[in-house]
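The lines below spell out each chain.
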Amino acid sequence: MAEVPTAPKPVCIIHRAIIDMTQKVMIVGASGLVGSAAVRHFASLGDWDVVGLSRRVPANLALGLSDRAVHLSVDLTDPQACAAACARHPDVTHLVYAAVYEQVGNVVEGWRSDAQMKTNLSMLTNIFEPLEEHAKGLRHVSLLQGGKAYGVHTFWPEKAMSTPARESEPRHSHENFYWLQQDYLTAKQEAKPWAWTIWRPQIIIGDPVGSNLSVISVVGAYAALEREAGRGLAWPGGPPYPLELIDVDLIADALAWAATASASRNEIFNIANGDVTVWENVWPAIADALGMAVDPPRRQSLSETLPPRQAEWEAIVQKYGLVAPRTLKNFIGGSTALTDWTFALAATTSPPPIILSTIKLRHAGFAGCIDSEVMLRKWIGRLQDQRILPPRDCARDV
């Protein structure tokens, strides 16, 4: 009887599969709104190693919320520091570039600044050149843009952009660091095995303090000051302004999807919660989440009215034992300018809506969504639970 040959043990196949499953994501801008959420999300997935780069340590690492992520303190304007960081992690397979330089003083005015554009391009090149040199197994890059890709800041508040704005539209003719970064990345990618995905969110809602782009931090500080003063939460903005919000946790989930999805390769996607928001309409829900009544509207520039209330803020931090910065500026960063803008403070009539179509992303395979009112309550609750804002049911001195 002939001997039946036995199948060889698949040692090499198993070993190759293990190698193919190795994934390490470098998240640049790890202390910002998107970056910190990406660190938290990728580290929670279990099959990712995470290295975060930023000058400040992300709050979720400082609070001990992740044991799968390491952080490197790196100034992206320093090419030598960037090169050293990349040399330490040659096994990076994915890059999430979520860093942004915003002009100090007035974020909105900085959107048209030539210096801001050049700085943002140099930050990307400073990290990407050494990363590509060392990370020979690079597979995917995600790059953040935003609604300004459609020229919203050049139209506002008088003229309308296309509604809804679609990724297939010709590039809007205006100067923007988005185009500088996008052209650089697409040129670098030619004939390379790695792919890119570009993301265009609108108003991002998340938790980091000290950000220049965190509306919820400004609203939280404004509310805490008003409640302690014995007032309800008055709407401070202008006329109704339909736009879209995006939960930063939803962005993080999409980033993880795009990292391995074939449908994301070399594609641009708008991303939003899935509904349309008018801030004044959700104001009662915000007030309720903060334990406040709604007062009659009191139009004001939070960029002007909040900074003089430093002493009040410091007293609140001390009274309620908050872990928030005692300096109000360190808590809200430069976010008041964006808040005034998105609240349509400068408008005399309702500005044209800003609506981005998310159909392309859904057809590609990512269908995540969240009700924006639910999202706002979620983030307010998190800030309260972390003792960054006073608890909802705290008693004030009358």
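Source: prediction; values computed, not measured.

**Student:** Now, about the sheet that holds strand β2 (residues 49-54): what can you tell me, with residues and values included?
**Tutor:** Read from one edge to the other, the open sheet built from 7 strands follows the order β3-β2-β1-β4-β5-β6-β9, with strand pairing classed as parallel. With partners counted over all chains shown, the strands left at the sheet margins are β3 (69-73) and β9 (267-270), one partner each. Here the strands of the sheet are splayed against their neighbours by 15 degrees on average, with no regard to which way each runs. Across the sheet, helix α6 (residues 114-134) lies against β1 (24-28), β2, β4 (94-97) and β5 (140-144), angled at about 170 degrees from β4, the strand it touches most.

**Student:** I'd like a description of the pairing of β1, backed by residues and values.
**Tutor:** By the criterion of burial, β1 is predominantly enclosed, with 5 of the 5 residues buried. Side chains Lys24, Met26 and Val28 of β1 all project onto a buried face; the interleaved residues Val25 and Ile27 project onto the opposite face, where all are buried too. Crossover handedness for the path β1 to helix α2 (residues 33-44) to β2: right-handed.

**Student:** An account of α2 is needed here, citing residue identities and associated values.
**Tutor:** Across its 12 residues, α2 extends 17 Å between first and last C-alpha, which sits within 8% of the 16 Å expected from 1.5 Å per residue. The buried fraction of α2 amounts to 10 of the 12 residues, a majority that puts the element mostly inside the structure. Immediately beyond the C-terminal end of α2, within one or two residues, lies Gly46, with a positive phi of roughly 90 degrees.

Criteria and thresholds
- Residues numbered from 1 in each chain as written.
- Predicted model: local features only at pLDDT ≥ 70, side-chain atom pairs only at ≥ 80, totals over all residues.
- Heavy atoms only, no water.
- Pairing = 2+ DSSP bridges.
- Helix = DSSP H or I, 4+ residues; strand = E, 2+ residues; numbered from the N terminus.
- Axes fitted to C-alpha atoms, helices over the stretch in contact; angles between N-to-C directions.
- Contact = heavy atoms within 4.5 Å.
- Buried < 20%, exposed > 50% of the residue type's maximum accessible area, 1.4 Å probe, protein only.
- Right-handed = clockwise from strand over helix to strand, strands pointing away.
- Expected span 1.5 Å × (residues − 1).

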